[in-house]
Amino acid sequence: MRIGNGYDIHALVEGRQLILGGVEIDWHLGLAGHSDADVLLHAICDACLGAAAMGDIGQHFPPDDDQYKDIDSRILLRKVATMLKQMQWKIGNLDCTIIAEKPRLSPYISAMRENISSDLSITLSQINIKATTTEGLGFIGQQQGIAAQAMVLLETTDNPVC
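Along every chain, residues carry numbers that run from 1 in the direction the sequence is written. Thresholds applied to this predicted model are a pLDDT of at least 70 for local features of residues and 80 or more for the giving and counting of side-chain atom pairs; totals over whole chains, interfaces and linings are not thresholded and use all residues. Water and hydrogen atoms play no part in the side-chain values, which are based on all heavy atoms of the structure.

Chemist: How should I be thinking about the overall build of the protein in this particular structure?
Modeler: Regarding its fold elements, the protein presents five helices and seven strands. Based on C-alpha atoms, the radius of gyration is set beside the globule rule, defined as 2.2 Å times the residue count to the power 0.38. A compact globule built from 162 residues would reach a C-alpha radius of gyration of about 15 Å, and the protein, at 15 Å, matches this within 12%. Here, residues are in contact when the closest pair of their heavy atoms is within 4.5 Å. Across the protein, the fraction of contacts at a sequence separation of at least 24, relative to all contacts at a separation of at least 6, is 73%. All accessibility values rest on the Shrake-Rupley procedure with a 1.4 Å probe; residue burial counts only the protein chains present in the view. Per element, the accessible surface of the protein, about 7,800 Å² overall, is 49% carbon and sulfur. Helical segments are the DSSP runs of H or I of at least four residues, strand segments are the runs of E of at least two, and each set is numbered from the N terminus.

Chemist: Just checking my understanding: could you explain the nonpolar core for this structure?
Modeler: One recurring pattern in soluble globular proteins is that nonpolar side chains are buried together. Leu20, Ile44, Met112 and Ile116 are the most contacted members of the largest nonpolar core, which totals 51 residues. Elements with a minimum of two residues in this core: β2 (18-20), β3 (23-25), α1 (39-51), α3 (73-86), β5 (89-99), α4 (109-120), β6 (127-132) and β7 (145-156). Broken down by element, the residue count for this core peaks at ten residues, all from α1. If we ignore the near neighbours within four places in the chain, the residues touching leucine 20 are Ile25, Leu31, Asp38, Val39, Ile98, Leu105, Met112 and Ile146. As used here, the term nonpolar core means buried Ala, Val, Leu, Ile, Met, Phe, Trp, Tyr and Cys residues forming a set that is joined through side-chain atoms within 4.5 Å. Only protein chains enter the accessibility calculation, which uses a 1.4 Å probe. A residue is then buried if its area is under 20% of the maximum for its type, exposed if over 50%, and partly exposed in between.

Chemist: Help me understand the environment of isoleucine 140, please; the structure alone is not making it clear to me.
Modeler: On the secondary structure map, isoleucine 140 appears in helix α5 (residues 138-141). Overall, the relative accessible area of 9% leaves isoleucine 140 in the buried class. Note: C-alpha distance between isoleucine 140 and glycine 30 (110 residues apart in sequence) is 13 Å.

Chemist: Explain the sheet that holds β6 here, please?
Modeler: Through backbone hydrogen bonds, the strands of a sheet pair up, either in parallel or in antiparallel fashion. Here five strands make up an open sheet; going across it, the order is β4-β1-β7-β5-β6 and the pairing mixed. Across the chains shown, the open sheet's two edge strands, defined by having one partner strand only, are β4 (30-31) and β6. Should DSSP find at least two bridges between two strands, the strands are regarded as paired. For strand β1 (residues 2-13) and β7, the ladder comprises ten bridges, and the chain directions are antiparallel. Within β7, the position partnered with histidine 10 by the bridge is isoleucine 146. Against the sheet, α1 makes contact with β1, β4, β5, β6 and β7, and its axis sits at roughly 155° relative to β1, the strand it touches most. For helices, the fitted axis covers only the stretch in contact; all axes are lines through C-alpha atoms, and the angles between them, taken along N-to-C directions, range from 0 to 180 degrees. The sheet strands contacting α4 are β5 and β6, and the helix crosses β6 at an angle near 145°.

Chemist: Help me out: how do you make sense of unusual backbone geometry in this one?
Modeler: Trans peptide bonds make up the majority, and among non-glycine residues the majority have a negative phi. With an omega dihedral of 0°, the bond running from lysine 102 to proline 103 counts as a cis peptide bond. For proline 103, the position within the fold is in the loop between β5 and α4. At aspartate 70, a position not held by glycine, the phi torsion is positive, near 60°. Its relative accessible area of 47% is what places aspartate 70 among the partly exposed residues. The phi dihedral of glutamate 135 is positive, around 55°, even though this residue is not glycine. Examined against the element boundaries, glutamate 135 turns out to sit in the loop between β6 and α5.

Chemist: Can you walk me through the side chain of serine 117 in this structure?
Modeler: When you line up the elements, serine 117 lands in helix α4. At 2.4 Å, the side chain of serine 117 forms a polar contact with the backbone oxygen of isoleucine 122. If sequence neighbours within four positions are ignored, serine 117 has contacts with Ile122, Thr123, Leu124 and Ile127. Here a polar contact is taken to be a pair of N or O atoms separated by no more than 3.5 Å, where protein atoms must pair a possible hydrogen donor with a possible acceptor and residues adjacent in sequence count only if both atoms sit in side chains.

Chemist: Whenever I open this one, the packing of aromatic side chains confuses me. Can you help?
Modeler: Aromatic ring pairs are defined here through the distance separating the ring centres and the angle between the ring planes. Two rings belonging to Phe, Tyr or Trp (six-membered ring only in the last case) form a pair when the distance between their centres is within 6.5 Å. Interplanar angles under 30 degrees mark stacking, angles over 60 mark edge-to-face geometry, and anything in between is tilted. Evaluated as defined, the whole model comprises one aromatic pair. With centroids separated by 5.4 Å and ring planes inclined at 80°, the aromatic side chains of phenylalanine 61 and tyrosine 68 adopt a geometry described as edge-to-face. Each member of the pair, phenylalanine 61 as well as tyrosine 68, is classed as buried.

Shown next, in the form of structure tokens:
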């Protein structure tokens, strides 16, 4: 077994859609980034890659590579899932926290879990997503950005290749 931790943060800007967990959130601001800037899926990718000792999201999907410009982060998550399978790892469970002052995210969490379940080929019972605020403090509290953290437990399907 291995544990991985992922973290991502992006600034909120006008003129972009807000995408979290592969779900379009009804909000007047979106996240700035080279891809769709989905901080939740990026944190999950980093947690999985880290637990498998395969580097990080930037190593596999460089932010200066045009093929990833505005890419749907669900595509990246599915690629990470394929890498894990090739290395003979499977996800035991995934626990995530989205840190955002606004908008209220609870109406979207179920759809996020469904997307992640589909993309990683795991059950909903293996995925937990929480949302919290910073009580108005700092960059996030001033509604200048959104962050996400993810923790993953990987289990071997046989003898991992690492």
